[in-house]
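Spelled out from the first residue to the last, the chains are:
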Amino acid sequence: METMGKDGVKPGHLVVAGVFGGICAGAALFSIIIVPIPGLPGGSGFWIPAGLYFALTLWFGFWGALAGHIGTFIGMGPFFGFTFQVWADGALGDFFAPLINLAIFRATKADPELKTRRDQAIWVASVVISTCLASMWIHFVNYSFGTITFNLWKWGVVAYTIGDSAAVLIIGTLLLKTATKYFKTFPYYVKGLFS
Amino acid sequence: MANLPLPYAQFFQLVTILYAIIAVVAVLWTKKLSKSSRYYGFSKAFAIFMVVVTVFLVISYAAQATFMKWI
């Protein structure tokens, strides 16, 4: 994967991460439609911010994922009564998932504008794969800390993968198809990982 | 449930209104710029982003209000 463009990392990339991180925080705080599963903290629901930070990561690379991480860390964190381990773990998973998605996009040279059937197929597959991997990791950490049982680990992975994938495929697709061509003209649009 | 500076529903409404104002300002800014402006692409994309976020905040509010019987 390309890690540095010819222009390099600029302070503006940090500004992008901060501004969109703030926007994601408000969304993370409120815009989840929870489908509660007893004994499974924060593990299921239609997680609307996921659609935002998956799109942000395809536009701004690492900085978009960082924005999502900042947003979910702040939004999920101190307000909902989860233990530090649960929300820090969740926010870290929300950092890895879009980066895995980005890695698949870069490896396959797919275009985030999703104009072709190939790009659309890669988008759908990469969202499900990256969300599933992130959910396995998140619930593995919760299982390791004794927060959930192994039986709930399985249901957590299934519920999280369905809920996050649905949100990303609805909201992320909408954002990518409408806004990507405009963000491509922005100087801080990222073609590799960092720049 | 939440340890927020305002009751959850009120804070939710406040944030949604704030996001809606930012979305409207972004749309107006885009309309004001000419297409040849170096900021046009970003302002248009940002306006789309904010409109989408605001719409889904409203949907989320309606869903939560229904489930929690606020309305």
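Residues numbered from 1 in each chain as written. Chains lettered and ligands numbered in written order. Predicted model: local features only at pLDDT ≥ 70, side-chain atom pairs only at ≥ 80, totals over all residues.

### Quick look at the overall build of chain A
Move 1: When helices and strands are tallied, chain A shows six helices and two strands.
Move 2: N-terminal to C-terminal, the α/β element order of chain A is α-β-β-α-α-α-α-α.
Move 3: Burial statistics for chain A: of 195 residues in total, 51% are counted as buried.
Move 4: Look at the contacts in chain A between residues 6 or more apart in sequence, and 74% of them connect residues 24 or more apart. (Helix = DSSP H or I, 4+ residues; strand = E, 2+ residues; numbered from the N terminus. Buried ≥ 20, exposed ≤ 12 C-beta atoms within 10 Å, placed from the backbone. Contact = placed C-beta atoms within 7 Å.)

### Topic: the confidence of the model for chain A
Move 1: A residue-level look at chain A finds 87% of positions with pLDDT of 70 or above and a mean pLDDT of 86.
Move 2: Of all the helices and strands in chain A, strand E1 (residues 32–34) of chain A carries the lowest mean pLDDT, 68, while helix H2 (residues 48–60) of chain A carries the highest, 93. (pLDDT = per-residue confidence, 0-100.)

### Observations regarding helix H2 (residues 40–67) of chain B
Move 1: With 28 residues, H2(B) extends 40 Å between its outermost C-alpha atoms, agreeing within 8% with the 40 Å of an ideal straight helix rising 1.5 Å per residue.
Move 2: Following H2(B) by one or two positions, B:Lys69 has its phi on the positive side, about 60°. (Expected span 1.5 Å × (residues − 1).)

### Quick word on the nonpolar core
Move 1: Membership of the largest hydrophobic core comes to 67 residues, with the highest contact counts inside it found for A:Cys24, A:Ala27, A:Ala67, B:Phe49 and B:Val53.
Move 2: Counting residues per element, this core draws most heavily on H2(B), which supplies 11 residues.
Move 3: The contact partners of A:Ala27, leaving out residues within four places of it in the chain, are A:Ile48, A:Pro49, A:Leu52, A:Gly71, B:Val53 and B:Leu57.
Move 4: Judged by nonpolar contacts, the second largest core, of eight residues, contains A:Ala97, A:Ala134, A:Ile138 and A:Val157. (Core = buried A, V, L, I, M, F, W, Y, C linked by C-beta atoms within 7 Å.)

### Quick word on the packing of helix H1 (residues 11–30) of chain A against helix H3 (residues 62–76) of chain A
All names here are of chain A.
Move 1: It is the contact of H1 with H3, at a shortest axis distance of 7 Å, that shows an interaxial angle of 35°. When you trace H1 past H3, the crossing you get is right-handed. Side by side, H1 and H3 meet where His13, Val16, Ala17, Phe20, Gly21, Cys24, Ala25, Ala27, Ala28 and Leu29 of the first sit next to Trp63, Gly64, Leu66, Ala67, Gly68, Ile70, Gly71, Thr72, Ile74, Gly75 and Met76 of the second.
Move 2: Its residues assigned to classes, the contact of H1 with H3 shows 14 nonpolar, seven polar and no charged. (Axes fitted to C-alpha atoms, helices over the stretch in contact; angles between N-to-C directions. Left-handed = near helix turned anticlockwise from the far one by under 90°. Nonpolar A, V, L, I, M, F, W, Y, C, P; charged D, E, K, R; others polar.)

### A few points about the environment of B:Lys31
Move 1: Tracing the backbone shows B:Lys31 in helix H1 (residues 8–32).
Move 2: For B:Lys31 and B:Ser43, which are 12 residues apart along the polypeptide, the C-alpha to C-alpha distance reads 9.2 Å.

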